[in-house]
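# Descriptive structure summary
So you can see what is in the structure, the chains are spelled out below.
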Amino acid sequence: MVTWEMPDGTEFRYTGAAVTDAALREFVLRFMSAEGMSWDVGKWDDSALEVAFLRRFGERIRITRERAMSGVTVLVFQPIPAGI
C-alpha cells in the first residue's frame, strides 16, 4: 500500500502493488492539471479519475471515499481483479 497526502491533508491511498508513492503523487498532480481540477477533491469526478488511472497504469481501480478521524478525506484506490 502506498499513500500520498496533499497540503490540505487529503490522502490518496493505493492498496495494490503496481504503483509507487512517487508515481501516485505524479498521477494525482497531472490529473488535477489536465482536468482543470481544484484542490477541493469533493468536486472531483471519481469515474474520470478511475479512467485516467487505467490509461496511465493499465490497471482498473474502484475509488472509495473515507473520512479519517481527523476529518480529512481519504480516497482509496482499490485494484479490481481481472475478470470482474
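What comes next is a walk through the structure. (Residues numbered from 1 in each chain as written. Predicted model: local features only at pLDDT ≥ 70, side-chain atom pairs only at ≥ 80, totals over all residues. Heavy atoms only, no water.)

### Digging into the pattern of salt bridges
For the record, the criterion: One side-chain nitrogen of Lys or Arg within 4 Å of one carboxyl oxygen of Asp or Glu is enough to make a salt bridge. Think of it this way: any DSSP run of H or I at least four residues long counts as a helix, any run of E at least two long counts as a strand, and we number them from the N terminus. Each residue's exposure class comes from its accessible area (1.4 Å probe, protein chains only) as a fraction of the maximum for that residue type: buried when under 20%, exposed when over 50%, partly exposed otherwise.
Under the counting rule described, the total for this entry stands at four salt bridges. One salt bridge connects R30 with E26, and the closest N-O pair in it is separated by 2.7 Å. Residue R30 and its partner E26 are both found in helix α1 (residues 21–34); the two are separated by four residues, about one turn of the helix. Residue class for R30 comes out exposed when judged on its relative accessible area of 56%. R65 is paired through a salt bridge with D46; the nearest N and O atoms lie 2.6 Å apart. One end of the pair, R65, is in strand β3 (residues 61–67); the other, D46, is in helix α2 (residues 46–57), with 19 residues separating them in the sequence.

### As for the sheet that holds β3
Sheets are built from strands that pair by backbone hydrogen bonding, the pairs being arranged parallel or antiparallel. Operational definition: Here the rule is simple: two strands pair whenever DSSP picks up at least two bridges between them. Fitted lines through C-alpha atoms give the axes, limited to the stretch in contact for helices. The angle between two N-to-C directions lies from 0 to 180 degrees.
Spatial ordering of the open sheet is given by β1-β2-β4-β3, a layout of four strands whose pairing is mixed. Pairing within the sheet leaves two strands with one partner each, and these edge strands are β1 (2–5) and β3. Adjacent strand axes in the sheet meet at a mean angle of 20°, parallel and antiparallel pairs treated alike. Bridging between β3 and strand β4 (residues 73–79) involves seven bridges; their strand directions are antiparallel.

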